[in-house]
Amino acid sequence: MRSYMVAGNWKQNLGPAEAAKLARQVSMGLLGLDLKGEVLVCPTYVAIPAVAEIIKGKKTLLGAQNCSATGAGAHTGEIGVDMLAEAGCTHVIVAHSERRADSGETDDDFVNKINQVHAAGLTAIFCFGELLDERKAGRERDVVKAQLEGVLPRLASATPQNLVLAYEPVWAIGTGETASPEQAQDIHAVSRELVSGMIGAEAAAAVRILYGGSVKPSNAEDLFGRADIDGGLIGGASLKAEDFLGIVKCAQAVS
Ligand code: PGA
């Protein structure tokens, strides 16, 4: 039985002071809940220490939005997974569509990053999903297949415990347009089937597949209630404690 994950991706928002404030509101809001899944926040790098301080000993988990693809050394501007672990992170988002688009990251980068994450004992959240043009052309299944095939079979030590998948149709990210629960469930089911051929049926049944793209308190319960949707990766709505906590409550309600 898979438990849910609700992860907040704060993107390039909130410096240390604002991030600490939001983290405090989130962890206070979780206090009275008997959590049936995992709740995670992913601040910017510079806000990680401030958030780590706030959530120490609390139910909220801490993740990074990115990491270096290599170990320590002469890589100006990079942040390694060991450093993230030392700072209190247990999770790292890899292959977000904004990194695919803005930084031109490739399958090779994702494989290296996820292997780094796993070697450091952390959990990777691997994002995949099609562009609007690809969906309009009816190519979403092919795109998702290629993205999963380009990375998953090449991972050195992925397990359902250290790998979480996140289907994020790019046309639904930050646009207010959400994939319908039927559209999302369809791709989640297809993805799980594909993943089964890559990491085995048992692992595929156990791995969590999150949905991301304009999730809000008003649509989260319907999405999370679908058979293959195991929670969400939340952007805009994770920046307001009330909305984020509302989404967590939706996950609780269907668990
Ligand atoms: P959104 O972002 O919830 O603002 O659409 C989701 C994401 O990019 O992870």
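First, a word on what this report is: a plain description of the structure on this page. (Residues numbered from 1 in each chain as written. Predicted model: local features only at pLDDT ≥ 70, side-chain atom pairs only at ≥ 80, totals over all residues. Heavy atoms only, no water.)

### Some points on the pairing of strand β8 (residues 231-234)
The side chains of a regular strand alternate, first on one face of the sheet and then on the other.
Next, step 1: The alternating pattern of β8 places Gly231 and Leu233 on one face and Gly232 and Ile234 on the opposite face, and all of these are buried.
Next, step 2: Note that strand β1 (residues 5-9) and β8 share four bridges and pair parallel. Counted as the bridge partner of valine 6 is glycine 232 from β8.
Next, step 3: As paired strands, strand β7 (residues 208-212) and β8 are joined by two bridges and run parallel to one another. Directly across from glycine 212, in β8, lies its bridge partner leucine 233. (Buried < 20%, exposed > 50% of the residue type's maximum accessible area, 1.4 Å probe, protein only. Helix = DSSP H or I, 4+ residues; strand = E, 2+ residues; numbered from the N terminus. Pairing = 2+ DSSP bridges.)

### Here we look at the site of the ligand
Next, step 1: Around the ligand, 13 residues are found, and the nearest of them are Lys11, His96, Glu168, Gly174 and Ser214.
Next, step 2: In the model, an oxygen atom of the ligand is placed 2.6 Å from a nitrogen or oxygen of the histidine 96 side chain.
Next, step 3: For the ligand, whose unbound accessible area comes to 280 Å², protein coverage reaches 96%.
Next, step 4: Looking at the shell around the ligand residue by residue, the class counts come to four nonpolar, seven polar and two charged. (Near = heavy atom within 4 Å. Polar contact = N/O pair within 3.5 Å; in protein donor to acceptor, adjacent residues only side chain to side chain. Areas by Shrake-Rupley, 256 points an atom, 1.4 Å probe, with all protein chains shown as cover. Nonpolar A, V, L, I, M, F, W, Y, C, P; charged D, E, K, R; others polar.)

### A word on the packing of aromatic side chains
Next, step 1: By the definition in use, this model includes four aromatic pairs.
Next, step 2: Here the aromatic rings of phenylalanine 126 and phenylalanine 128 are separated by 6.4 Å at their centres, their planes lie at 20 degrees, and the arrangement is stacked.
Next, step 3: Phenylalanine 126 sits in the buried class, given a relative accessible area of 0%.
Next, step 4: A relative accessible area of 2% means that phenylalanine 128 is categorised as buried. (Phe/Tyr/Trp six-rings, centres within 6.5 Å; stacked < 30°, edge-to-face > 60°.)

### Describing the pattern of salt bridges
Next, step 1: Throughout the structure, instances matching the rule amount to 16 salt bridges.
Next, step 2: One salt bridge connects lysine 145 with glutamate 149, and the closest N-O pair in it is separated by 3.3 Å. On the criterion of helical spacing, the pair formed by lysine 145 and glutamate 149 is a turn pair, its members being four residues apart in helix α7 (residues 140-149).
Next, step 3: According to the relative accessible area criterion, glutamate 149 is partly exposed, its value standing at 40%.
Next, step 4: Residues joined by salt bridges that share partners form a network here, namely Arg2, Arg192, Asp228 and Asp230. (Salt bridge = Lys/Arg side-chain N within 4 Å of Asp/Glu carboxyl O.)

### A closer look at α7
Next, step 1: Those residues of α7 not exposed but buried are Glu140, Val143, Val144, Gln147 and Leu148. Looking down the long axis of α7, one finds its buried residues gathered within 125 degrees of arc, a one-sided arrangement.
Next, step 2: Check the buried side of α7 and you find it contacts α4 (97-103), β5 (123-128), α6 (132-136), β6 (163-167) and α8 (181-199). (Arc of directions from axis to C-beta. Contact = heavy atoms within 4.5 Å.)

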